[in-house]
Amino acid sequence: MDTTPFRAAPPSFGEATRTFARIGLLSFGGPAGQIALMHKILVDEKRWLDEPRFLHALNYCMLLPGPEAMQLATYAGWLMHGVKGGLVAGLLFVLPGALVITALSAIYLTVGHVTLVQGLLFGLKAAVLAVVLEALIKVSKRALKNGSMVILAIAAFVAIAFLKLPFPLIVLAAAAIGTLLHLTGFAGNAGAKAADEDDVAYVMPEWTKPSARRFITTLSIWLAIWFVPLVLMWQLLGPGHVFTAEATFFSKMAAVTFGGAYAVLAYVAQQAVEVHGWLKPDEMLTGLGLAETTPGPLILVLVFVGFLGGARLSSLAPLAGGIAGAAVTLWFTFVPCFLWIFVGAPYVETVRNVRWLASALSAVTAAVVGIIANLAVWFALHVLFGNVGETVVGAFSLPVLDFGSFDWLAAVIAIVAGVALIRFHANMIAVLAVSALAGMAWQLT
(Lines give C-alpha, C1' and ligand atoms only; values in the text may rest on other atoms or scores of the structure.)
Protein backbone atom coordinates (compact mmCIF):
# COMPACT_ATOMS: atom_id res chain seq x y z
CA MET A 1 0.00 0.00 0.00
CA ASP A 2 1.21 3.51 -0.80
CA THR A 3 2.30 5.17 2.45
CA THR A 4 3.41 8.52 1.04
CA PRO A 5 1.64 11.85 0.50
CA PHE A 6 2.72 11.83 -3.15
CA ARG A 7 0.79 11.17 -6.33
CA ALA A 8 3.46 8.78 -7.55
CA ALA A 9 6.11 6.70 -5.80
CA PRO A 10 8.50 8.94 -3.83
CA PRO A 11 11.70 9.78 -5.68
CA SER A 12 14.98 8.18 -4.78
CA PHE A 13 17.26 10.26 -2.59
CA GLY A 14 19.62 10.80 -5.54
CA GLU A 15 16.85 11.97 -7.85
CA ALA A 16 15.46 14.29 -5.18
CA THR A 17 18.96 15.72 -4.62
CA ARG A 18 19.45 16.41 -8.34
CA THR A 19 16.04 18.04 -8.58
CA PHE A 20 16.56 20.33 -5.59
CA ALA A 21 20.00 21.26 -6.94
CA ARG A 22 18.28 22.31 -10.15
CA ILE A 23 15.74 24.35 -8.18
CA GLY A 24 18.52 26.03 -6.20
CA LEU A 25 20.43 27.03 -9.33
CA LEU A 26 17.32 28.40 -11.06
CA SER A 27 15.73 30.17 -8.07
CA PHE A 28 15.92 33.75 -9.30
CA GLY A 29 13.20 36.37 -9.07
CA GLY A 30 12.29 36.53 -5.39
CA PRO A 31 9.93 34.30 -3.38
CA ALA A 32 7.00 34.51 -5.80
CA GLY A 33 9.12 33.27 -8.70
CA GLN A 34 10.84 30.66 -6.55
CA ILE A 35 7.56 29.25 -5.25
CA ALA A 36 6.20 29.17 -8.81
CA LEU A 37 9.34 27.31 -9.92
CA MET A 38 8.94 24.71 -7.19
CA HIS A 39 5.28 24.27 -8.04
CA LYS A 40 6.12 23.73 -11.69
CA ILE A 41 8.81 21.15 -10.95
CA LEU A 42 7.44 19.32 -7.89
CA VAL A 43 3.71 19.38 -8.74
CA ASP A 44 3.36 19.75 -12.50
CA GLU A 45 6.52 18.15 -13.84
CA LYS A 46 7.59 15.50 -11.32
CA ARG A 47 4.13 15.01 -9.77
CA TRP A 48 5.78 14.22 -6.45
CA LEU A 49 3.29 16.41 -4.56
CA ASP A 50 -0.31 17.17 -5.39
CA GLU A 51 -1.80 20.65 -5.33
CA PRO A 52 -3.47 20.53 -1.88
CA ARG A 53 -0.36 19.17 -0.16
CA PHE A 54 1.88 21.76 -1.82
CA LEU A 55 -0.44 24.60 -0.80
CA HIS A 56 -0.80 23.23 2.73
CA ALA A 57 2.98 23.24 3.08
CA LEU A 58 3.18 26.77 1.67
CA ASN A 59 0.56 28.01 4.14
CA TYR A 60 2.61 26.69 7.03
CA CYS A 61 5.82 28.25 5.73
CA MET A 62 4.06 31.60 5.39
CA LEU A 63 3.40 31.48 9.14
CA LEU A 64 7.10 31.22 9.94
CA PRO A 65 9.82 33.84 10.29
CA GLY A 66 12.46 33.57 7.62
CA PRO A 67 12.45 33.01 3.83
CA GLU A 68 9.28 31.11 2.99
CA ALA A 69 10.57 29.74 -0.33
CA MET A 70 13.66 28.19 1.30
CA GLN A 71 11.50 26.72 4.05
CA LEU A 72 9.05 25.35 1.48
CA ALA A 73 11.92 23.56 -0.26
CA THR A 74 13.06 22.18 3.11
CA TYR A 75 9.51 21.06 3.91
CA ALA A 76 9.17 19.27 0.55
CA GLY A 77 12.50 17.50 0.99
CA TRP A 78 11.51 16.51 4.54
CA LEU A 79 8.23 15.01 3.29
CA MET A 80 10.14 12.84 0.84
CA HIS A 81 13.12 11.67 2.90
CA GLY A 82 12.82 12.99 6.43
CA VAL A 83 15.47 15.17 8.02
CA LYS A 84 18.21 14.25 5.53
CA GLY A 85 15.89 15.15 2.65
CA GLY A 86 15.00 18.46 4.25
CA LEU A 87 18.63 19.31 4.92
CA VAL A 88 19.67 18.58 1.34
CA ALA A 89 16.74 20.50 -0.15
CA GLY A 90 17.25 23.53 2.10
CA LEU A 91 21.02 23.66 1.70
CA LEU A 92 20.84 23.31 -2.09
CA PHE A 93 18.36 26.18 -2.16
CA VAL A 94 20.70 28.46 -0.19
CA LEU A 95 24.32 27.51 -0.89
CA PRO A 96 24.62 28.37 -4.62
CA GLY A 97 23.45 31.93 -4.01
CA ALA A 98 25.48 32.20 -0.80
CA LEU A 99 28.68 31.26 -2.62
CA VAL A 100 27.93 33.71 -5.44
CA ILE A 101 27.15 36.65 -3.15
CA THR A 102 30.25 35.92 -1.03
CA ALA A 103 32.35 36.06 -4.19
CA LEU A 104 30.61 39.27 -5.29
CA SER A 105 31.20 40.76 -1.83
CA ALA A 106 34.92 39.98 -2.14
CA ILE A 107 35.01 41.65 -5.56
CA TYR A 108 33.20 44.67 -4.16
CA LEU A 109 35.62 44.91 -1.24
CA THR A 110 38.71 44.73 -3.45
CA VAL A 111 37.72 46.67 -6.58
CA GLY A 112 34.60 48.57 -5.50
CA HIS A 113 36.56 51.82 -5.72
CA VAL A 114 37.30 51.35 -9.44
CA THR A 115 35.40 53.90 -11.53
CA LEU A 116 33.79 51.32 -13.81
CA VAL A 117 32.61 49.25 -10.85
CA GLN A 118 31.30 52.37 -9.12
CA GLY A 119 29.24 53.15 -12.20
CA LEU A 120 27.82 49.63 -12.30
CA LEU A 121 26.85 49.79 -8.63
CA PHE A 122 25.37 53.27 -9.06
CA GLY A 123 22.97 52.05 -11.74
CA LEU A 124 22.18 48.92 -9.74
CA LYS A 125 21.28 50.87 -6.59
CA ALA A 126 18.99 53.24 -8.50
CA ALA A 127 17.11 50.32 -10.09
CA VAL A 128 16.69 48.58 -6.74
CA LEU A 129 14.44 51.48 -5.70
CA ALA A 130 11.99 50.32 -8.37
CA VAL A 131 12.28 46.71 -7.19
CA VAL A 132 11.39 47.71 -3.63
CA LEU A 133 8.45 49.82 -4.86
CA GLU A 134 7.16 46.88 -6.89
CA ALA A 135 7.37 44.66 -3.82
CA LEU A 136 5.47 47.26 -1.80
CA ILE A 137 2.65 47.33 -4.36
CA LYS A 138 2.38 43.53 -4.48
CA VAL A 139 2.35 43.10 -0.71
CA SER A 140 -0.16 45.95 -0.30
CA LYS A 141 -2.65 44.32 -2.66
CA ARG A 142 -2.47 41.07 -0.72
CA ALA A 143 -2.37 42.44 2.81
CA LEU A 144 -4.57 45.52 3.00
CA LYS A 145 -8.00 43.93 2.70
CA ASN A 146 -9.90 46.31 5.01
CA GLY A 147 -9.64 49.58 6.89
CA SER A 148 -8.12 48.00 10.01
CA MET A 149 -5.22 46.62 7.97
CA VAL A 150 -4.62 49.99 6.29
CA ILE A 151 -4.48 51.69 9.70
CA LEU A 152 -2.05 49.04 10.94
CA ALA A 153 0.21 49.60 7.93
CA ILE A 154 0.26 53.38 8.48
CA ALA A 155 0.92 52.94 12.20
CA ALA A 156 3.82 50.56 11.49
CA PHE A 157 5.33 53.06 9.03
CA VAL A 158 5.17 55.89 11.56
CA ALA A 159 6.52 53.65 14.33
CA ILE A 160 9.63 52.56 12.46
CA ALA A 161 10.25 55.64 10.29
CA PHE A 162 9.64 58.47 12.74
CA LEU A 163 9.50 56.98 16.23
CA LYS A 164 12.41 54.59 15.59
CA LEU A 165 10.71 51.77 17.50
CA PRO A 166 12.43 48.36 17.29
CA PHE A 167 11.26 46.10 14.47
CA PRO A 168 10.60 43.08 16.75
CA LEU A 169 8.36 45.24 18.96
CA ILE A 170 6.31 46.32 15.93
CA VAL A 171 5.88 42.69 14.80
CA LEU A 172 4.77 41.55 18.26
CA ALA A 173 2.38 44.49 18.63
CA ALA A 174 0.85 43.78 15.23
CA ALA A 175 0.36 40.10 16.11
CA ALA A 176 -1.31 41.05 19.39
CA ILE A 177 -3.61 43.52 17.62
CA GLY A 178 -4.52 40.89 15.02
CA THR A 179 -5.43 38.42 17.74
CA LEU A 180 -7.52 41.07 19.49
CA LEU A 181 -9.31 41.90 16.23
CA HIS A 182 -10.19 38.23 15.84
CA LEU A 183 -11.48 37.91 19.39
CA THR A 184 -13.63 41.02 19.00
CA GLY A 185 -14.95 40.01 15.57
CA PHE A 186 -13.26 42.79 13.56
CA ALA A 187 -10.78 40.57 11.70
CA GLY A 188 -13.03 39.95 8.71
CA ASN A 189 -11.87 36.89 6.81
CA ALA A 190 -8.34 36.99 8.20
CA GLY A 191 -8.92 33.97 10.41
CA ALA A 192 -11.01 31.98 7.98
CA LYS A 193 -9.99 28.63 6.64
CA ALA A 194 -7.75 28.70 3.62
CA ALA A 195 -9.63 28.26 0.39
CA ASP A 196 -7.37 25.43 -0.63
CA GLU A 197 -8.09 23.40 2.48
CA ASP A 198 -9.84 20.09 1.87
CA ASP A 199 -10.87 16.95 3.69
CA VAL A 200 -8.54 14.52 1.94
CA ALA A 201 -7.01 12.09 4.43
CA TYR A 202 -3.37 11.36 3.60
CA VAL A 203 -1.47 8.36 4.89
CA MET A 204 1.75 10.05 5.89
CA PRO A 205 5.25 8.60 6.39
CA GLU A 206 6.08 7.74 9.99
CA TRP A 207 8.46 10.68 10.51
CA THR A 208 5.71 13.19 9.65
CA LYS A 209 3.42 12.10 12.51
CA PRO A 210 3.45 14.21 15.70
CA SER A 211 5.40 12.63 18.54
CA ALA A 212 6.26 14.19 21.89
CA ARG A 213 9.53 12.26 22.04
CA ARG A 214 10.54 13.31 18.51
CA PHE A 215 9.51 16.90 19.24
CA ILE A 216 11.73 17.12 22.34
CA THR A 217 14.66 15.38 20.63
CA THR A 218 14.50 17.47 17.47
CA LEU A 219 14.03 20.71 19.39
CA SER A 220 16.99 19.95 21.66
CA ILE A 221 19.32 19.05 18.78
CA TRP A 222 18.54 22.11 16.70
CA LEU A 223 18.59 24.52 19.62
CA ALA A 224 22.06 23.15 20.41
CA ILE A 225 23.17 23.57 16.79
CA TRP A 226 21.92 27.15 16.94
CA PHE A 227 22.98 28.31 20.40
CA VAL A 228 26.08 26.28 21.38
CA PRO A 229 28.25 28.09 18.78
CA LEU A 230 26.73 31.40 19.92
CA VAL A 231 27.58 30.72 23.58
CA LEU A 232 31.12 29.63 22.65
CA MET A 233 31.64 32.85 20.70
CA TRP A 234 30.47 34.90 23.67
CA GLN A 235 32.89 33.01 25.92
CA LEU A 236 35.92 32.87 23.61
CA LEU A 237 35.65 36.13 21.66
CA GLY A 238 33.60 38.29 24.01
CA PRO A 239 30.35 40.16 23.33
CA GLY A 240 32.13 43.09 21.69
CA HIS A 241 33.77 41.06 18.92
CA VAL A 242 32.33 41.63 15.45
CA PHE A 243 31.63 37.91 14.89
CA THR A 244 29.83 37.61 18.23
CA ALA A 245 27.81 40.73 17.44
CA GLU A 246 26.89 39.34 14.01
CA ALA A 247 25.90 35.96 15.44
CA THR A 248 23.72 37.60 18.08
CA PHE A 249 22.14 40.09 15.72
CA PHE A 250 21.33 37.64 12.94
CA SER A 251 19.98 35.11 15.45
CA LYS A 252 17.50 37.77 16.51
CA MET A 253 16.70 38.53 12.87
CA ALA A 254 16.03 34.84 12.20
CA ALA A 255 13.33 34.87 14.87
CA VAL A 256 11.46 37.99 13.72
CA THR A 257 11.77 38.14 9.91
CA PHE A 258 8.06 37.72 9.24
CA GLY A 259 7.00 39.00 5.83
CA GLY A 260 10.21 38.24 3.95
CA ALA A 261 13.49 40.04 3.41
CA TYR A 262 12.06 43.43 2.45
CA ALA A 263 10.27 43.69 5.77
CA VAL A 264 13.45 43.39 7.84
CA LEU A 265 15.94 45.22 5.64
CA ALA A 266 15.12 48.68 7.00
CA TYR A 267 15.81 47.49 10.53
CA VAL A 268 18.97 45.64 9.45
CA ALA A 269 20.17 48.70 7.58
CA GLN A 270 19.56 50.94 10.55
CA GLN A 271 21.36 48.66 13.00
CA ALA A 272 24.21 47.61 10.68
CA VAL A 273 24.94 51.18 9.61
CA GLU A 274 24.15 53.35 12.63
CA VAL A 275 24.77 50.99 15.56
CA HIS A 276 27.42 48.48 14.47
CA GLY A 277 29.18 50.38 11.68
CA TRP A 278 29.49 47.29 9.48
CA LEU A 279 28.72 49.20 6.27
CA LYS A 280 27.69 52.58 4.86
CA PRO A 281 24.07 53.58 4.08
CA ASP A 282 24.35 53.28 0.30
CA GLU A 283 26.12 49.91 0.60
CA MET A 284 22.90 48.32 1.82
CA LEU A 285 21.44 49.09 -1.58
CA THR A 286 24.51 47.61 -3.23
CA GLY A 287 24.03 44.39 -1.29
CA LEU A 288 20.34 44.25 -2.16
CA GLY A 289 21.14 44.73 -5.83
CA LEU A 290 23.70 41.92 -5.73
CA ALA A 291 21.24 39.64 -3.91
CA GLU A 292 18.56 40.35 -6.53
CA THR A 293 20.88 39.06 -9.26
CA THR A 294 21.85 35.79 -7.55
CA PRO A 295 19.86 32.59 -7.05
CA GLY A 296 18.38 31.79 -3.66
CA PRO A 297 16.40 33.79 -1.10
CA LEU A 298 16.74 37.57 -1.07
CA ILE A 299 17.66 37.39 2.63
CA LEU A 300 21.14 36.40 1.36
CA VAL A 301 21.77 40.15 1.31
CA LEU A 302 22.63 39.62 4.97
CA VAL A 303 25.68 37.62 3.85
CA PHE A 304 26.94 40.80 2.15
CA VAL A 305 26.39 42.71 5.40
CA GLY A 306 28.21 40.07 7.43
CA PHE A 307 31.07 39.93 4.92
CA LEU A 308 31.75 43.68 5.07
CA GLY A 309 31.47 43.73 8.86
CA GLY A 310 33.98 40.89 9.24
CA ALA A 311 36.31 42.36 6.62
CA ARG A 312 36.43 45.79 8.22
CA LEU A 313 36.23 45.15 11.95
CA SER A 314 37.87 41.77 12.64
CA SER A 315 41.57 41.32 13.35
CA LEU A 316 41.91 38.97 10.37
CA ALA A 317 43.05 39.98 6.91
CA PRO A 318 40.13 41.69 5.11
CA LEU A 319 39.33 38.79 2.77
CA ALA A 320 39.61 36.16 5.52
CA GLY A 321 37.58 38.29 7.91
CA GLY A 322 34.95 38.82 5.24
CA ILE A 323 34.61 35.11 4.50
CA ALA A 324 34.40 34.35 8.23
CA GLY A 325 31.76 37.06 8.67
CA ALA A 326 29.76 35.67 5.75
CA ALA A 327 29.94 32.16 7.23
CA VAL A 328 28.78 33.37 10.66
CA THR A 329 25.88 35.25 9.08
CA LEU A 330 24.88 32.27 6.94
CA TRP A 331 24.90 29.90 9.92
CA PHE A 332 22.85 32.02 12.30
CA THR A 333 20.40 33.14 9.62
CA PHE A 334 19.49 29.71 8.24
CA VAL A 335 19.97 27.17 11.06
CA PRO A 336 16.73 28.46 12.68
CA CYS A 337 14.88 27.83 9.39
CA PHE A 338 15.62 24.11 9.68
CA LEU A 339 14.50 24.17 13.31
CA TRP A 340 11.11 25.67 12.40
CA ILE A 341 10.47 22.99 9.77
CA PHE A 342 11.76 19.88 11.52
CA VAL A 343 10.11 20.76 14.84
CA GLY A 344 6.87 22.26 13.60
CA ALA A 345 6.01 20.51 10.34
CA PRO A 346 4.47 17.41 11.99
CA TYR A 347 1.93 19.74 13.56
CA VAL A 348 1.15 21.61 10.36
CA GLU A 349 -2.46 20.42 10.23
CA THR A 350 -3.14 21.74 13.73
CA VAL A 351 -1.41 25.06 13.10
CA ARG A 352 -3.24 25.52 9.82
CA ASN A 353 -6.63 25.39 11.52
CA VAL A 354 -5.97 27.85 14.36
CA ARG A 355 -7.98 30.86 13.24
CA TRP A 356 -6.66 33.38 15.76
CA LEU A 357 -3.14 32.58 14.54
CA ALA A 358 -4.19 33.29 10.96
CA SER A 359 -5.65 36.61 12.10
CA ALA A 360 -2.41 37.47 13.94
CA LEU A 361 -0.38 36.68 10.81
CA SER A 362 -2.71 38.82 8.70
CA ALA A 363 -2.05 41.78 11.01
CA VAL A 364 1.71 41.18 10.89
CA THR A 365 1.56 41.14 7.08
CA ALA A 366 -0.30 44.48 7.13
CA ALA A 367 2.38 45.95 9.40
CA VAL A 368 4.98 44.63 6.97
CA VAL A 369 3.49 46.91 4.30
CA GLY A 370 4.33 49.93 6.46
CA ILE A 371 7.82 48.59 7.15
CA ILE A 372 8.49 48.03 3.44
CA ALA A 373 7.22 51.57 2.75
CA ASN A 374 9.80 52.82 5.25
CA LEU A 375 12.46 50.77 3.48
CA ALA A 376 11.51 52.36 0.15
CA VAL A 377 11.68 55.87 1.64
CA TRP A 378 15.00 55.17 3.40
CA PHE A 379 16.58 53.80 0.23
CA ALA A 380 15.19 56.60 -1.93
CA LEU A 381 16.59 59.33 0.31
CA HIS A 382 20.08 57.82 0.34
CA VAL A 383 20.15 57.18 -3.41
CA LEU A 384 18.59 60.41 -4.64
CA PHE A 385 20.31 62.80 -2.21
CA GLY A 386 24.01 63.02 -1.48
CA ASN A 387 23.42 64.50 1.98
CA VAL A 388 20.66 63.36 4.33
CA GLY A 389 20.50 64.70 7.87
CA GLU A 390 18.07 64.24 10.74
CA THR A 391 16.30 66.45 13.22
CA VAL A 392 14.33 65.53 16.34
CA VAL A 393 10.95 67.13 17.00
CA GLY A 394 9.52 65.81 20.25
CA ALA A 395 9.32 62.03 19.96
CA PHE A 396 9.70 62.12 16.16
CA SER A 397 12.93 61.84 14.15
CA LEU A 398 12.52 63.58 10.79
CA PRO A 399 14.86 63.54 7.77
CA VAL A 400 16.52 66.77 6.63
CA LEU A 401 17.29 66.89 2.91
CA ASP A 402 19.96 68.88 1.08
CA PHE A 403 18.13 69.57 -2.19
CA GLY A 404 21.35 70.80 -3.76
CA SER A 405 22.70 67.24 -3.56
CA PHE A 406 19.78 65.76 -5.55
CA ASP A 407 21.04 63.22 -8.14
CA TRP A 408 18.88 63.56 -11.25
CA LEU A 409 20.53 60.62 -13.06
CA ALA A 410 19.70 58.24 -10.22
CA ALA A 411 16.11 59.51 -10.36
CA VAL A 412 15.90 58.91 -14.12
CA ILE A 413 17.26 55.36 -13.82
CA ALA A 414 14.88 54.60 -10.94
CA ILE A 415 11.85 55.96 -12.83
CA VAL A 416 12.66 54.07 -16.04
CA ALA A 417 13.27 50.86 -14.10
CA GLY A 418 10.01 51.37 -12.20
CA VAL A 419 8.00 51.81 -15.41
CA ALA A 420 9.64 48.71 -16.91
CA LEU A 421 8.94 46.55 -13.86
CA ILE A 422 5.54 47.82 -12.72
CA ARG A 423 3.88 48.87 -15.97
CA PHE A 424 5.38 46.43 -18.46
CA HIS A 425 6.34 43.57 -16.08
CA ALA A 426 9.80 43.33 -17.58
CA ASN A 427 12.25 40.69 -16.41
CA MET A 428 13.86 41.92 -13.18
CA ILE A 429 17.34 40.59 -13.96
CA ALA A 430 17.25 42.30 -17.36
CA VAL A 431 16.15 45.59 -15.81
CA LEU A 432 18.93 45.46 -13.22
CA ALA A 433 21.50 44.60 -15.89
CA VAL A 434 20.45 47.47 -18.17
CA SER A 435 20.45 49.89 -15.23
CA ALA A 436 23.95 48.77 -14.22
CA LEU A 437 25.17 49.27 -17.80
CA ALA A 438 23.62 52.76 -17.84
CA GLY A 439 25.52 53.64 -14.69
CA MET A 440 28.77 52.34 -16.19
CA ALA A 441 28.18 54.31 -19.41
CA TRP A 442 27.62 57.48 -17.41
CA GLN A 443 30.88 57.00 -15.50
CA LEU A 444 32.79 56.57 -18.79
CA THR A 445 31.46 59.78 -20.33
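This report concerns the structure included in the present document. Everything numeric here is computed off the predicted structure, so don't read it as measured data. (Residues numbered from 1 in each chain as written. Predicted model: local features only at pLDDT ≥ 70, side-chain atom pairs only at ≥ 80, totals over all residues. Heavy atoms only, no water.)

Before going further, it helps to spend a moment on the overall build of the chain. Secondary structure summary: the chain contains 17 helices and two strands in total. Taken over 445 residues, the chain has a buried fraction of 52%. If you take every contact in the chain between residues at least 6 apart in sequence, the share linking residues at least 24 apart comes to 76%. Here the chain displays about 19,100 Å² of accessible surface, and carbon together with sulfur accounts for 70% of that area. (Helix = DSSP H or I, 4+ residues; strand = E, 2+ residues; numbered from the N terminus. Buried < 20%, exposed > 50% of the residue type's maximum accessible area, 1.4 Å probe, protein only. Contact = heavy atoms within 4.5 Å. Areas by Shrake-Rupley, 256 points an atom, 1.4 Å probe, with all protein chains shown as cover.)

A separate point is unusual backbone geometry. Of note in the backbone geometry, Arg47 takes a positive phi value of approximately 60° without being a glycine. Of note in the backbone geometry, His425 takes a positive phi value of approximately 55° without being a glycine. Under the relative-accessibility criterion, His425 is labelled exposed at 63%.

Let us look at the layout of surface pockets. By volume, the second largest pocket is sized at about 440 Å³. Lining the second largest pocket are 22 residues; nearest its centre among them are Lys164, Glu274, Trp378, His382 and Glu390. Of all elements in the fold, only helix H6 (147–161), helix H10 (261–275), helix H15 (355–384), strand S1 (388–393) and strand S2 (396–401) reach the threshold of two or more residues within the lining of the second largest pocket. The residue inventory of the lining of the second largest pocket, partitioned by class, reads 14 nonpolar, five polar and three charged. (1 Å grid on protein atoms, 1.4 Å probe; cavity = no way out; pocket = protein on both sides within 12 Å on 5 of 7 lines; lining within 4 Å. Points joined across faces, edges and corners; volume = space filled by probe spheres on them. Nonpolar A, V, L, I, M, F, W, Y, C, P; charged D, E, K, R; others polar.)

Here we come to the nonpolar core. Counting 133 residues, the largest nonpolar core has Tyr75 and Met284 as the members making the most contacts within it. It is helix H4 (residues 68–111) that contributes the most residues to this core, 16 residues altogether. Every residue in contact with Met284, bar those within four places of it in the chain, is listed here: Leu265, Val268, Ala269, Leu279, Val301, Val305, Trp378 and Phe379. Among the nonpolar cores identified, the runner-up in size contains five residues, and Met149, Leu152, Ala363 and Ala366 belong to it. (Core = buried A, V, L, I, M, F, W, Y, C linked by side-chain atoms within 4.5 Å.)

Here Pro10 is to be found in the segment before helix H1 (13–26). Separated by 39 residues in sequence, Pro10 and Leu49 have C-alpha atoms that sit 9.1 Å apart.

Here we come to the packing of aromatic side chains. By convention here, two paired aromatic rings are described through the distance between centres and the angle between planes. The final tally for this structure, using the stated rule, is 15 aromatic pairs. Note on Trp222 and Phe342: the rings are 5.5 Å apart at their centroids and 50° apart in plane angle, and the pair reads as tilted. Here the residue Trp222 occupies a position in helix H8 (residues 212–236), and Phe342 occupies one in helix H13 (residues 318–344), the gap between them amounting to 120 residues. Each member of the pair, Trp222 together with Phe342, is buried. Three or more aromatic residues joined by ring pairs make a cluster, and in this case those are Trp222, Phe338 and Phe342. In this arrangement the basic side chain of Lys84 is found over the ring face of Phe13, its NZ or CZ atom lying 4.6 Å from the centre. Sitting above the plane of the Phe424 ring, Arg423 keeps its charged end 5.1 Å from the centroid. (Phe/Tyr/Trp six-rings, centres within 6.5 Å; stacked < 30°, edge-to-face > 60°. Lys NZ or Arg CZ within 6 Å of the ring centre and 35° of its normal.)

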